[in-house]
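Below, each chain spelled out in residue letters.
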Amino acid sequence: MLRFLTLGPESGNHGFVLRRYLAAHGLRPQVQATVGYVEDFHDAARQVIAGEADFLMQCAVHPAAPEITGRYRNALFVVDAFVSPSQPMALLRSTQPVAHGGAAVRDAVGLQPATEHYVDLSRWPKRVLEPTVFAVGQGLLQGRYAAGIAFEALAHEYPDRLAVVQPIGAVCDAWIVFGPRPVDRGQALVWTSSPAAALFRRSDGPATNHP
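Residues numbered from 1 in each chain as written. Predicted model: local features only at pLDDT ≥ 70, side-chain atom pairs only at ≥ 80, totals over all residues. Heavy atoms only, no water.

(A) Layout of the sheet that holds strand β2 (residues 33-38). The sheet built from 5 strands is open, its strands ordered β2-β1-β3-β10-β4 with mixed pairing. Of all strands in the sheet, those with a lone pairing partner are β2 and β4 (77-85), marking the two edges. Taken over all neighbouring pairs, the strand axes of this sheet differ in orientation by 25° on average, direction set aside. With 8 bridges joining them, β4 and strand β10 (residues 172-179) adopt antiparallel strand pairing. The residue bridging F77 from the neighbouring strand is G179, located in β10. Lying on the sheet, helix α2 (residues 41-49) is in contact with β1 (2-7), β2, β3 (55-59) and β10; it crosses β3 at an angle near 155°. (Pairing = 2+ DSSP bridges. Helix = DSSP H or I, 4+ residues; strand = E, 2+ residues; numbered from the N terminus. Axes fitted to C-alpha atoms, helices over the stretch in contact; angles between N-to-C directions. Contact = heavy atoms within 4.5 Å.)

Written as structure tokens, this is what we have:
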């Protein structure tokens, strides 16, 4: 059985996308593949290199992606890449009075660094960086900042504590799958029958940015 690792928790974005990836490949959970969740990508990389897991999946815009790709380049290799939407996100605000922290909390917004430019955050001069979008949601519920970019579903789950300031929706990102052995053989591996390839072949006139 194949063992895949990604960033936890299970309800986070990495888990959400990995489950979609396995389903697209027809890999049945607990029959053909298992998923393990880590708090640190370096721990996951070492597990794959040591043969304790088979593959690691990471969002290409995660702040740790360049270091994982570079530090372990001789033992951990990119074996696949794909695109997938995230869970729908939104800029949320806490509807609870600030019990502690005063202005420091009222002026703070929580975010995962890759989401910083999704919406205008100028109302909150202090940025509190979190490792995951899931962690931002937990920080909002704990009252550590007044607003944050989190999963929109959280506002529906806690309507008495959180409100949607601005919907963001699902964001389509690139995702990387790492394995212990290279597959490229020095060649560019390109999905030539992909939807993008169809776009390239469809154009028979001047370059255009419109469908």
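Still to come is the rest of the account.
(B) The arrangement of the nonpolar core in detail. Residues L56, I68 and L76 are the most contacted members of the largest nonpolar core, which totals 15 residues. Taken together, the elements giving at least two residues each to this core come down to β1, α2 and β10. Filtering out sequence-adjacent residues up to four positions away, L56 remains in contact with L5, T6, F41, A44, A45, V48, I68, L76, I176, V177 and F178. Counting 13 residues, the second-largest nonpolar core is a separate cluster that includes V109, A146, I149 and F151. (Core = buried A, V, L, I, M, F, W, Y, C linked by side-chain atoms within 4.5 Å. Buried < 20%, exposed > 50% of the residue type's maximum accessible area, 1.4 Å probe, protein only.)

(C) Quick look at α2. For α2, the complete set of buried residues consists of F41, H42, A44, A45, Q47 and V48. On its buried face, α2 is in contact with β1, α1 (13-24), β2, β3, α3 (65-71) and β10. Where α2 begins, the side chain of D40 points an oxygen toward the backbone nitrogen of H42, at a separation of 3.1 Å. Within two residues after α2, G51 carries a phi angle of roughly 85°, on the positive side. (Polar contact = N/O pair within 3.5 Å; in protein donor to acceptor, adjacent residues only side chain to side chain.)

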